[in-house]
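Summary of the model geometry
Each chain, written out:
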Amino acid sequence: MPIYLRTWGDLACFTRPEMKVERVSYPVITPSAARGLLEAILYKPQFRWRIHRIAVQRPIRFLAFRRNEVKSRLSTRNPAPLLADEDRTQRNTLALRDVSYVIEASIELTALAGQPRRAPHASDEPQGDDNVGKYLGMFQRRAEKGQCFAQPCFGCREFPAHFELTDASAMSVPSGINPDSDLGLMLYDVFDLDVSKNQRPGKIEKTNPRITFFPAALKNGVVTIPSWSEVRRQLTAATTTATSTDSQKGGVA
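In this report, the structure presented in the accompanying data block is examined. (Residues numbered from 1 in each chain as written. Predicted model: local features only at pLDDT ≥ 70, side-chain atom pairs only at ≥ 80, totals over all residues. Heavy atoms only, no water.)

1. Re a nonpolar patch on the surface
Note the threshold: Patch rule: a residue counts if its relative accessible area is over 30% and it has no salt bridge; like charges are joined within 9 Å, and nonpolar side chains (Val, Leu, Ile, Met, Phe, Trp, Tyr) within 5 Å. Under the convention used here, a 1.4 Å probe and the Shrake-Rupley method define accessible areas, while residue burial counts only the protein chains that appear. Any carboxyl oxygen of Asp or Glu within 4 Å of a side-chain nitrogen of Lys or Arg constitutes a salt bridge here. Comment: elements are numbered from the N terminus, with helices defined as DSSP H or I runs of at least four residues and strands as E runs of at least two.
Taken together, the side chains of Leu185, Val190, Phe191, Ile211 and Phe213 present a nonpolar region at the surface, about 440 Å² in accessible area. In terms of residue count, strand E7 (residues 181-191) provides more of the nonpolar patch than any other element does, 3 residues in total.

Given below as structure tokens:
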């Protein structure tokens, strides 16, 4: 059973990973950003958000500006004072303005569902087995009240995202807002979304970084997102082909 969440804001920047210094945004929200937005409202290790489709409800418009940023990062283990005036630099940002999306997503249980927990249930979590219905109910209650663990944002903390529950009819985008277009390779996620079946009960392992992409296209105002299993299958096939090609080149040499 999917949920539909409308989210909007004044500015957004879904930074392309190939742009390491100057921020340049993708033309639409990425699946990983949509997943992060939903997790800001409700996250549990026992399930994972699966993004199905994203409807782009407003024209895609960019805005270029400069921001003052610091060049260094604070250490979380040994925090020390950071003087912004001495460490500041100006960087360009090519962001989106006046954005509005409808996210269609569902909940998929992970290998941790039904296993013993290290921490007790949260105060708003019903007792009982881990199942999709329980977590969907929790998400709907939190979204209706505007509750979230952290303020959802569009790529940067400076660009807050507002949200409300909606229904399937919101996925229909009026014609003429944005033309159908090929968006090229888009970032799918920056983490390996697999949860090992051999994971010890009650033990939450740190997620491994893994950058993945998918060919994105805007059709009738909607971007269709492949499943993680499909992305993983394509990645495995590409890796196998590359290894075979390297082996053939080595044999010829």
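Let's pick the thread back up.
2. A closer look at the nonpolar core
Quick reminder of the rule: Among the buried residues, those of types Ala, Val, Leu, Ile, Met, Phe, Trp, Tyr and Cys that are joined through side-chain atoms within 4.5 Å form a nonpolar core. Relative accessibility thresholds used throughout: buried, under 20% of the residue-type maximum; exposed, over 50%; partly exposed, between the two (1.4 Å probe, protein chains only). Note on definitions: a residue-residue contact is assigned when non-hydrogen atoms from the two residues lie within 4.5 Å.
Counting residues in each nonpolar core, the largest one holds 48 residues, and the members touching the most others are Leu5, Phe14, Leu38, Tyr101, Phe139 and Phe154. Looking at this core, the elements that each hand over two or more residues are strand E1 (3-12), helix H1 (31-41), strand E3 (47-56), strand E5 (88-109), helix H3 (132-145), E7, strand E8 (209-219) and helix H4 (228-252). Once residues within four sequence positions are removed from consideration, Phe14 is found in contact with Val24, Ser25, Tyr26, Val28, Ile29, Thr30, Ala33, Leu96, Tyr101, Phe154 and Gly155. Of all hydrophobic cores here, the second largest spans 7 residues; its members include Tyr4, Ala55, Val102 and Val222.

3. Looking at empty space enclosed by the protein
In plain terms, the rule: The method works on a 1 Å grid over the protein atoms by themselves. A cavity is a set of points holding a 1.4 Å probe that cannot get out, a pocket is an open set with protein on both sides within 12 Å along at least five of seven lines, and residues with an atom within 4 Å of a point line them. Grid points are joined across faces, edges and corners, and a volume is the space filled by probe spheres set on the points. Polar here means any residue other than Ala, Val, Leu, Ile, Met, Phe, Trp, Tyr, Cys and Pro, which are nonpolar, and Asp, Glu, Lys and Arg, which are charged; Gly is therefore polar.
In total, this model carries 1 cavity of 30 Å³ or more according to the counting rule given. Approximately 50 Å³ is the volume attributed to the largest cavity. As for the largest cavity, its lining consists of Pro27, Val56, Arg58, Pro59, Ile60, Arg61, Leu96, Arg97, Asp98, Val99, Ser100 and Tyr101. By residue number, the principal contributor to the lining of the largest cavity is E5, which donates 6 residues. Of the residues contributing to the lining of the largest cavity, the split by class is 7 nonpolar, 1 polar and 4 charged.

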